[in-house]
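Report on the structure
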Amino acid sequence: MAATLPAAPPGVTMLEARPMSDTPPPRVRTRFAPSPTGMLHIGGARTALFNYLFARHHGGEFLLRIEDTDRERSTEAAIRVILDGLAWLGLETDAPPLFQSSRHARHVEVAQRMLAAGHAYRCYLTPAELAELREKAKAAGRGMRIDSPWRDRDPAEAPAGAPFAIRLRAPREGQTVVEDLVQGTVRVANAELDDMILLRSDGTPTYLHAVVVDDHDMGITHVIRGDDHLTNTFRQVQVYDAMGWQAPRFAHVPLIHGPDGAKLSKRHGAQSVTEFRDMGYLPEALCNYLLRLGWGHGDAEILSREQAVDLFDIDGVGRAPSRLDPAKLAFINAHWLRVADDGRIAGEVLALLGRHEGLLGGAEAERRVRALLGALKERAKTLLDLADAAAFLLRPLPLPMTPKAEALLTAGNRAVLRELAATLAGVAFTPEALDAALREWCAAREMKLGAVAQPLRAALTGSTASPGIEAVLVALGREESLRRIAATAQG
RNA sequence: GACCCCUUCGUCUAGUGGUUAGGACACCAGCCUUUCACGCUGGUAACACGGGUUCGAGCCCCGUAGGGGUCGCCA
């Protein structure tokens, strides 16, 4: 299931394999463009999901681009985390991932073209000069915006051999408008925007520039991304305009905040999909929850992947940021846990339990867990809960008792259990037969069912809460059940 | 600080000028019951505030407040 990690193709990108000129672009092509920082953020996961669903809904394509231009942070392990995360969520792409670092030459080429066309210029500002200009701009109350003197200076005045960055010659008049599919029409005066850097003085492209070139070359029709990119979009649009390229449609999705409304951070606990997976959430549940966070469609709450593809569209995306609600996630997860395939869940639970020392393993362990799985699933919110609740099945004898269970095992109740054991020894171990036998046994003694079921539960499970007692008996089997009763009845 | 965005129950949302403002989670009560869950029934709970426009505003306009985002030769 783990995605294979394709090596960054040296010099060869999927663009060559997919000539744009002779294949008409599909109606819709989206992309998810994470930078490999070592985790797949929950917000990123939602962005990926929206891109995936949008593409699928419209019969288009969903692509992945790894923004690995920051070589320091980009490790193979970090890339693997993203690929594994997407695979776990079931968000398969329609082509191998494109590595932004492989596109360096093209980014440079486009910047050069803009330079040649006069849409960009060489800026020889030094870091010190830059800092000074920023100070002035700040003092003047113009924000942090700076104007490079090299925009209009004669290139001949440039210090020979000095390093230079290539800046966009952005329009100074008028305004730049983004017709955002989520936020509506967003506009800013061009006077508010400074000339963004396309190529750094070391010749590497900036993110803002690379994104535009890549989105264009990849034929991306819809850029669905976090709200935090909204104001950057203006600058990107200016690059599209300068190149005479048609910009894609933009859809800026509000960010996900923590339960307290502040930006999601470490102190809110889990942030990465890996963490949610490790907490026992199912991928379909996380997707369902994430889908409903920031998107709605009437009263629809529980949605399968198929339904999501069917119903999802940008017009259902809200404009306000939303908060992560662990309780609702748990509810959604409980639902998907209940309807999940038993074999799959049993495998997960057994794997979880297998990590603990001293628990029964092997075929008998599997038989017991599978026998009780249906009842266990009803009671669990997460796989971790489920494994906890199933653990008693595999515990060796003497069973640890909760205080409440202990309190139930009075001398009188132990005597009752001894007596019951004799009856149980001769009953067929099926839920129906056991239920009938228990009721009959109680009726004969004018006892309430609960009066015997609770001590029995304590003896069998070490706890006062469990699935139906006859289901527990069946799962344990006659032999083990009698052993447990005998152990507590004597002890 | 400048610019941009946002604002319906605690939370996620439905709602596009006339609704008893709907649903879901959570919470509370009851039912079911051998415990715990599930399930079922019912309940508490919202249009941030102030001005307009209109016969009529949660829906349109303008302010205010609050929240968020962006201002890097990071991505």
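Residues numbered from 1 in each chain as written. Chains lettered and ligands numbered in written order. Predicted model: local features only at pLDDT ≥ 70, side-chain atom pairs only at ≥ 80, totals over all residues. Heavy atoms only, no water.

**Side note on the layout of surface pockets**
Defined as follows: Only protein atoms enter the calculation, which uses a 1 Å grid: trapped sets of points that fit a 1.4 Å probe without letting it out are cavities, open sets showing protein on both sides within 12 Å along at least five of seven lines are pockets, and any residue with an atom within 4 Å of a point is a lining residue. Grid points are joined across faces, edges and corners, and a volume is the space filled by probe spheres set on the points. Helix and strand definitions follow DSSP, with helices as H or I runs of at least four residues and strands as E runs of at least two, each counted in order from the N terminus.
Of the volumes computed, that of the largest pocket is approximately 940 Å³. Elements with a minimum of two residues in the lining of the largest pocket: strand E1 (29-32), helix H2 (42-57), helix H6 (207-217) and strand E9 (222-226). In terms of residues, the lining of the largest pocket owes the most to one element, H2, which gives 4 residues. For the second largest pocket, the calculated volume is near 420 Å³.

**A closer look at helix H14 (residues 383-390)**
Short version of the rule: Partly exposed residues are those whose accessible area sits between 20% and 50% of the maximum for their type, while under 20% is buried and over 50% is exposed, using a 1.4 Å probe and protein chains only. Within this analysis, the arc is defined by the directions that extend from the helix axis to the C-beta atoms. Any two residues whose heavy atoms approach within 4.5 Å at even a single point are treated as in contact. A 3.5 Å cut-off defines polar contacts: any pair of N or O atoms within that distance qualifies, except that in protein one atom must be a possible hydrogen donor and the other a possible acceptor, and neighbouring residues in sequence count only when both atoms are side-chain atoms.
Among the residues making up H14, those that are buried are Leu383, Leu386, Ala387 and Ala390. Looking straight down H14, one finds its buried side chains confined to an arc of 100°; they lie on one side. Packed against the buried residues of H14 are helix H11 (326-339), helix H12 (342-354) and helix H13 (362-378). Between the side-chain oxygen of the N-cap and the backbone nitrogen of leucine 384 there are 3.2 Å, and the N-cap of H14 in question is threonine 382.

**Quick word on the environment of proline 36**
The residue proline 36 is located in the loop between E1 and H2 in this model. Given a relative accessible area of 3%, proline 36 falls into the buried group. Along the sequence, proline 36 and glutamine 236 sit 200 residues apart, while their C-alpha atoms lie 22 Å from each other.

**Here's the deal with the protein's contact with RNA strand B**
Filter applied, for reference: Any residue with a non-hydrogen atom lying within 4 Å of a molecule or strand is treated as near it. For this classification, Asp, Glu, Lys and Arg are treated as charged, while Ala, Val, Leu, Ile, Met, Phe, Trp, Tyr, Cys and Pro are nonpolar and the rest, including Gly, are polar.
Contacts to RNA strand B come from 66 residues, most closely from Arg200, Gly294, Arg379, Ser466 and Glu470. Atoms of RNA strand B within 4 Å of the protein: sugar and phosphate make up 72%, bases the balance. Glycine 294 is positioned with one of its backbone polar atoms (N or O) 2.4 Å from a phosphate oxygen of RNA strand B. At 2.7 Å, a backbone N or O of threonine 464 approaches a sugar or linking oxygen of RNA strand B. Considering every element that reaches the surface near RNA strand B, the biggest residue donor is helix H18 (residues 449-461), with 5 residues. The residue makeup of the surface near RNA strand B, split by class, is 20 nonpolar, 20 polar and 26 charged.

**Some remarks on the packing of aromatic side chains**
Keep this limit in mind: Classification of ring pairs rests on two measures: the distance between centres of Phe, Tyr or Trp rings, Trp counted by its six-membered ring, which must be within 6.5 Å, and the angle between planes, read as stacked under 30 degrees, edge-to-face over 60 and tilted in between. Geometrically, a lysine NZ or arginine CZ counts as sitting over a ring once it is within 6 Å of the ring centre and also within 35 degrees of the ring normal.
Going through the model one piece at a time under the given rule, you end up with 6 aromatic pairs. Taking the centre distance of 5.8 Å and the plane angle of 85° together, the rings of tyrosine 52 and phenylalanine 62 count as edge-to-face. You can see tyrosine 52 sitting in helix H2 and its partner phenylalanine 62 sitting in strand E2 (residues 61-66), a full 10 residues away along the chain. Judged by relative accessible area, which is 0%, phenylalanine 62 ranks as buried. Summarising the aromatic geometry, the rings of phenylalanine 276 and tyrosine 281 are spaced 5.9 Å apart at their centres and angled 55° between planes, so their arrangement reads as tilted. Across this residue pair, the class does not change: phenylalanine 276 and tyrosine 281 are buried. These aromatic residues form a ring-pair network of at least three members: Phe50, Trp295 and Phe312. Above the face of the phenylalanine 164 ring, arginine 122 is positioned so that its terminal group lies 5.1 Å from the ring centre. Seen from the ring of tryptophan 150, arginine 153 lies directly overhead, with NZ or CZ sitting 4.0 Å from the centre.

**What about the sheet that holds E2?**
Filter applied, for reference: Two strands pair if DSSP finds at least two bridges between them. The convention used is that axes are lines fitted to C-alpha atoms, helices contributing only their stretch in contact, and that angles between N-to-C directions extend from 0 to 180 degrees.
Read across the open sheet, the 3 strands follow the order E1-E2-E3; overall the sheet is parallel. Looking along the sheet, the strands with just one partner apiece sit at the ends: E1 and strand E3 (98-99). Examined bridge by bridge, E2 and E3 share 2 bridges and lie parallel to one another. Bridge pairing links arginine 65 to leucine 98 in E3. Where helix H3 (residues 76-89) meets the sheet, it contacts E1, E2 and E3, and its direction lies at approximately 160° from that of E2.

**Considering H12**
Stated precisely, the cut-off is as follows: An expected span of 1.5 Å times one less than the residue number is assigned to each helix.
In a regular helix each residue adds 1.5 Å, so 13 residues correspond to 18 Å; H12 covers 18 Å between its end C-alpha atoms and thus fits that length. At its buried positions, H12 is contacted by H11, H13 and H14. With a side-chain oxygen positioned 3.1 Å from the backbone nitrogen of glycine 343, the residue opening H12 is aspartate 341.

**Some details on the environment of glycine 318**
Along the chain, glycine 318 falls in the loop between helix H10 (305-311) and strand E12 (322-323). Residue glycine 318 is classed as partly exposed on the basis of its relative accessible area of 26%. C-alpha of glycine 318 to C-alpha of methionine 196: the two residues are 122 residues apart in sequence and 30 Å apart in space. Residues contacting glycine 318, with those up to four places away along its chain left out, are Val182, Pro254 and Gly294.

**So, the packing of helix H4 (residues 104-116) against H6**
Basically, it comes down to this: Working definition: roughly parallel below 35 degrees, roughly antiparallel above 145 degrees, roughly perpendicular at 65 to 115 degrees, and oblique for all remaining angles.
The interhelical angle for the contact between H4 and H6, taken along N-to-C directions, is 100°, at an axis separation of 10 Å. Between H4 and H6, the crossing angle belongs to the class labelled roughly perpendicular. Contacts between H4 and H6 pair Arg106, His107, Val110 and Ala111 from the former with His209, Ala210, Val213, Asp214 and Asp217 from the latter. The class makeup of the residues in the contact of H4 with H6 is 4 nonpolar, 2 polar and 3 charged.

**A look at the nonpolar core**
Put simply, the rule is: For our purposes a nonpolar core is just a set of buried Ala, Val, Leu, Ile, Met, Phe, Trp, Tyr and Cys residues, chained together by side-chain atoms within 4.5 Å.
In terms of nonpolar packing, the biggest core is built from 100 residues, with Phe50, Leu290, Leu291, Ile345 and Leu393 touching the most fellow members. With 9 residues, the single largest contributor to this core is H2. Counting 34 residues, the second-largest nonpolar core is a separate cluster that includes Ala95, Leu168, Leu208 and Ala242.

**Regarding the pairing of strand E5 (residues 165-168)**
Neither face of E5 is left uncovered, since the one carrying Ala165 and Arg167 and the one carrying Ile166 and Leu168 both have all their residues buried. Inspection of the sheet shows strand E4 (residues 120-123) paired to E5 by 4 bridges, in the antiparallel sense. Its bridge partner being in E5, arginine 122 is matched across the sheet by isoleucine 166. The pairing of E5 with strand E8 (residues 197-199) spans 2 bridges and is antiparallel. In the strand pairing of E8, arginine 167 is matched with isoleucine 197.

**Notes on the confidence of the model for chain A**
We count it as follows: How sure the predictor is of each residue is captured by pLDDT, a score from 0 to 100.
Put simply, chain A has an average pLDDT of 90, and 93% of its residues get 70 or more. Under a pLDDT of 50 for its full length, residues 1-22 has, in the predicted model, 36 contacts with residues more than four places off or in other chains. Our summary of model confidence lists the complex with pTM equal to 0.92 and ipTM equal to 0.95.

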